[in-house]
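# Remarks on the overall topology
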Amino acid sequence: MNLRRVNLAVRLFIAQVLVLAVGGLTLALVAGAVGPRIFHEHLGRVGGEVSAEARWHVEQAYASANALALGVGLLAALVAALGASVYATRRIASPVTHFAHASASLADGHYDVRMADPGLGNELKTLADSFNTLAGRLETVEATRRRLLADLGHELRTPLATIEAYLEAAEDGVAVDDEDLQSVLRTQTARLHRLADDIAAVSRAETHQFDLHPVRTAPTDLVRDALAAARPRYAGKGVLLRSDVRPAAHVDVDPQRMGQVLGNLLDNALRHTPTGGTVTVRVTGGANNVELAVVDTGPGIPAEHLPHVFERFYRVDTARDRDNGGSGIGLAIVRAVVSAHGGRVRAENVPGGGAMFRVMLPPVGQAQV
């Protein structure tokens, strides 16, 4: 029999039968070698004269009883052990077989498959948990991939359709004002350029393919420059932009990259804050970190979306974000840049309405937050 072609349950059963057989043979050999010697020693201690015939009958009686006892005992032990082996084999082989089937399903693209705890110890529980974590991450990656393809298709379709419409009009001899044509072409090509730049930026950020030039910087300087750059856009929409700056330690950051972080957060807050609302940039300092927070008075973020807002191309409200020009990449860049500085970023809702994005950076002289 080629054991490589036999399934796990049969191999485990064969191994246990071999163990039982070797154990039984060893027991018989030991009993046969040791038992008679001990018997003769005790027989020699019997007081009085023992005839040879009586001694022979006693020895035969002992040998028969010993053989019968060993035979019955070994048979009973073998039956009980085989029953226990069958049960143990099935218990062990079942989760392994299930794991094999689940792995095959995962390889076929069924990312919703999960494994239950088999209840056979920490090792198999750890294996099941690791498999479920892997499946969950693959499911998230696949969902992001599908969303990415759908978003790219939508982002490309609109400008291409507009350009195509003007070209068809020109081919059909329809008069098109040159200024209108130039304006449309510039707007749509700019949209395509922005999409290409966003994709390249998030790819560089998440693979850390950008150069950081950290210098000792005051958080107030970062906030002042970011607010100065964003005020015209906020004034155009009628949203109040203000700051709440408290004493905080300096940070070792690349001012240009951190300016990009604050700019993306402010743009995100502006898109989701209605006219007449307020966006506040706060700076606070603690013993272990310096926190920069952007707080808006918009509708907030649904709880089920909070864990995903920093993923590439993730949109809480797809239609609204597209209409307002969001590509779903800005927050992914924020997380990548902040992580490259040894910091952390979080999104949460504000009691009473609104969302808050918190950037926590290590102060000067501290490697990690």
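Residue positions within a chain follow its written sequence, with the count starting from 1. In keeping with the model being predicted, local features are shown solely for residues with a pLDDT of at least 70 and side-chain atom pairs are shown and tallied solely at 80 or more, while totals for entire chains, interfaces and linings include all residues. Hydrogens and water are ignored here; the side-chain numbers use all heavy atoms of the structure.

What helix H8 (residues 330–340) keeps buried is the set Leu331, Ala332, Ile333, Val334, Ala336, Val337 and Val338. In DSSP terms, a helix is any run of H or I states spanning at least four residues, a strand is any run of E spanning at least two, and both are numbered starting from the N terminus. At the C-terminal side of H8, glycine 342 shows a positive phi close to 80 degrees. Only protein chains enter the accessibility calculation, which uses a 1.4 Å probe; a residue is then buried when its area is under 20% of its type maximum, exposed when over 50%, and partly exposed in between.

Think of a salt bridge as a Lys or Arg side-chain nitrogen and an Asp or Glu carboxyl oxygen that are within 4 Å of each other. Per the counting criterion, the structure on display carries eight salt bridges. Salt-bridge contacts for arginine 358 lead to glutamate 291; the nearest nitrogen and oxygen are separated by 2.8 Å. Of the two residues, arginine 358 sits in strand S7 (residues 355–361) while glutamate 291 sits in strand S5 (residues 290–296), which places them 67 residues apart along the sequence. For the residue pair arginine 358 and glutamate 291, the accessibility class agrees, reading buried in each case.

This brings us to a negative patch on the surface. Within the patch definition used here, like charges are joined within 9 Å and nonpolar side chains (Val, Leu, Ile, Met, Phe, Trp, Tyr) within 5 Å, considering only residues with over 30% relative accessible area and no salt bridge. Areas reported as accessible are Shrake-Rupley estimates using a 1.4 Å probe. Residue values count occlusion only from the protein chains shown. By the counting scheme adopted, Arg and Lys are positive, Glu and Asp are negative, and His together with the chain ends is not counted. A charged residue contributes its charge at one atom only: NZ of Lys, CZ of Arg, CG of Asp or CD of Glu. Taken together, Glu164, Glu168, Glu171 and Asp172 make up a surface patch of like negative charges. With respect to the helices and strands, glutamate 168 occurs in helix H3 (residues 122–171). Assessed through its relative accessible area of 40%, glutamate 168 is described here as partly exposed.

Bringing the nonpolar core into the picture now. Remark: nonpolar core denotes a set of buried residues (Ala, Val, Leu, Ile, Met, Phe, Trp, Tyr, Cys) joined through side-chain atoms within 4.5 Å. Counting residues in each nonpolar core, the largest one holds 38 residues, and the members touching the most others are Tyr234, Leu266, Phe357 and Val359. If you list the elements that add at least two residues to this core, you get helix H5 (219–237), strand S3 (251–253), helix H6 (255–271), strand S4 (278–285), S5, H8, strand S6 (344–349) and S7. Here this core takes seven residues from H6, the largest share from any one element. In this structure leucine 266 touches Ala226, Leu227, Ala230, Tyr234, Leu241, Val279, Val281 and Val294, once residues within four positions along its chain are discounted. By size, the runner-up hydrophobic cluster in this structure holds seven residues, among which are Ala102, Leu106, Val113 and Phe131. Residues count as neighbours in contact if any of their non-hydrogen atoms are within 4.5 Å of one another.

When DSSP finds two or more bridges between two strands, those strands count as paired. With mixed pairing, the five strands of this open sheet are ordered in space as S2-S4-S5-S7-S6. On the outer flanks of this sheet lie strand S2 (240–245) and S6, each paired with one strand and no other. The sheet shows a mean angle of 15 degrees between the axes of neighbouring strands, direction not considered. Relative to S4, S2 runs parallel, the two sharing six bridges. Residue aspartate 244 lies in a different strand from S4, and its bridge partner there is arginine 282. Note on definitions: angles span 0 to 180 degrees between N-to-C directions of axes, and those axes are lines fitted to C-alpha atoms, for helices only across the stretch in contact.

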